[in-house]
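Understanding the architecture of this molecule
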Amino acid sequence: MTAGPDAAAAAPEPPAGAAVPGPDGRARCPWGTTAEDYAAYHDTEWGRPVHGDDALYERLCLEGFQSGLSWLTILRKREAFRAAFAGFRIAAVARFTEDDERRLLADSGIVRNRAKIGAALGNARVAAGWEPGELDRLVWSYAPDPAARPAPRTTAEVPGSTPESTALAKELKRRGFRFVGPTTVYALMQACGLVDDHLADCWCRGSAAG
């Protein structure tokens with residue numbers, strides 16, 4: 001069938017929450033088109049595999065700090081977070097003292113939430129006692145089969161949590177982690193490439209593999 005000059009006008013509206021074409025003509029998940037910070041994060045980071053204990057600890061901390069807030073807030077404060085938390089090096093954060101905690105609570109560059117800061121410090125102390133690579137192995141052991149769920153076509157088809165994120169959250173809590181509920185853990189899984197939740201028509205769909 002050949003599209004005529006009125007084809008675009010006659011085409012049905014895309015469903016709510018579907019991929020949205022950007023100025024460059026590439027279709028993206030809708031949230032990835034709402035701000036430049038989001039677009040860069042969507043195109044270059046979100047859904048791409050992240051490995052390494054410190055790297056995963058950082059993402060877990062940031063997802064915890066995001067709880068109840070906009071992720072855009074966290075993105076714009078990320079460098080301040082990294083400076084405040086010694087680059088999220090587990091061994092360094094595990095040695096933080098009460099003076100460090102007071103410093104963090106007074107740092108306007110980050111999210112000054114006592115419970116979240118306490119969880120970040122406590123989680124580092126837990127992870128510091130593990131074997132090198134143990135956090136990486138634990139997190140990635142809960143990555144689901146990529147073929148287990150079809151590619152979502154709209155944001156309405158993207159879950160907020162899954163059986164895998166619930167199980168990983170339970171195991172992290174059993175081992176002493178805090179602020180790691182199923183929703184926070186699923187956000188980690190999405191961000192770190194354990195699942196590919198780019199929409200079916202998003203140009204990044206499948207680009208994160210490997």
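Residues numbered from 1 in each chain as written. Predicted model: local features only at pLDDT ≥ 70, side-chain atom pairs only at ≥ 80, totals over all residues. Heavy atoms only, no water.

**Some thoughts on the packing of aromatic side chains**
- Applying the stated criterion across every chain, the model contains 11 aromatic pairs.
- A network of ring pairs unites the aromatic residues Tyr57, Phe65, Phe81, Phe85, Phe88 and Phe96 as a single cluster.
- Over the face of the ring belonging to Phe96 we find Arg103, whose NZ or CZ atom lies 5.3 Å from the ring centre.
- Above the ring of Trp130, the side-chain terminus of Arg175 is found at 5.1 Å from the ring centroid. (Phe/Tyr/Trp six-rings, centres within 6.5 Å; stacked < 30°, edge-to-face > 60°. Lys NZ or Arg CZ within 6 Å of the ring centre and 35° of its normal.)

**Quick notes on the side chain of Asp43**
- Tracing the sequence through the fold places Asp43 in helix H2 (residues 36-44).
- Assessed through its relative accessible area of 14%, Asp43 is described here as buried.
- Setting aside anything within four residues of it in sequence, one finds Asp43 in contact with Arg28, Arg48, Trp203 and Cys204. (Helix = DSSP H or I, 4+ residues; strand = E, 2+ residues; numbered from the N terminus. Buried < 20%, exposed > 50% of the residue type's maximum accessible area, 1.4 Å probe, protein only. Contact = heavy atoms within 4.5 Å.)

**Regarding the UniProt feature "binding site: Zn(2+)" (unreviewed entry) in the protein**
- Under the UniProt annotation, the feature "binding site: Zn(2+)" (unreviewed entry) is placed at Cys29, His42, His198 and Cys202. What stands out for the annotated residues spanning 174 residues is how close their C-alpha atoms remain, the widest pair being 10.3 Å apart.
- Among the structural elements, Cys29 can be located in the loop between strand E2 (27-28) and H2.
- Take Cys29: its relative accessible area is 2%, and that puts it in the buried class.
- The residues touching Cys29, leaving out its near neighbours within four places in the chain, are His42, Asp197, His198, Leu199 and Cys202.
- Assignment of secondary structure puts Cys202 in the segment after helix H10 (182-191).
- For Cys202, the residues in contact, after removing those within four places along its chain, are Ala19, Ala27, Arg28, Cys29 and His42. (UniProt positions renumbered as here; feature names shortened; annotations may be inferred.)

**Notes on H2**
- Taken together, the buried positions of H2 are occupied by Tyr38, Tyr41, His42 and Asp43.
- Contacts from the buried residues of H2 go to E2, helix H3 (53-66), helix H4 (71-84) and H10.

**So, the environment of Arg175**
- On the secondary structure map, Arg175 appears in the loop between helix H9 (163-174) and H10.
- Using a relative accessible area of 28% as the deciding quantity, one classes Arg175 as partly exposed.
- In this structure the C-alpha to C-alpha distance between Arg175 and Ala127, which are 48 residues apart in sequence, comes to 9.1 Å.
- Setting aside residues up to four positions removed in sequence, Arg175 forms contacts with Val126, Trp130, Glu134 and Leu138.

**Section: the packing of H3 against helix H7 (residues 114-128)**
- Across the interface, H3 lies against H7 with an axial gap of 10 Å and an inter-helix angle of 160 degrees. Compared by their axis directions, H3 and H7 come out roughly antiparallel. For the pair H3 and H7, the crossing hand works out as right-handed. For the pair formed by H3 and H7, the contact residues are Tyr57, Cys61, Gly64, Phe65 and Gln66 on the first element and Lys116, Ile117, Ala120, Leu121, Asn123 and Ala124 on the second.
- Taken together, the residues of the contact of H3 with H7 break down into seven nonpolar, three polar and one charged. (Axes fitted to C-alpha atoms, helices over the stretch in contact; angles between N-to-C directions. Parallel < 35°, antiparallel > 145°, perpendicular 65-115°, else oblique. Left-handed = near helix turned anticlockwise from the far one by under 90°. Nonpolar A, V, L, I, M, F, W, Y, C, P; charged D, E, K, R; others polar.)

**Some details on unusual backbone geometry**
- Even without glycine at this site, Phe88 takes up a positive phi of about 60 degrees.
- Turning to its location among the elements, Phe88 is positioned in the loop between H4 and helix H5 (90-93).
- Unlike most non-glycine residues, Phe179 shows phi in positive territory, near 60 degrees.
- Mapped onto the secondary structure, Phe179 falls in the loop between H9 and H10.

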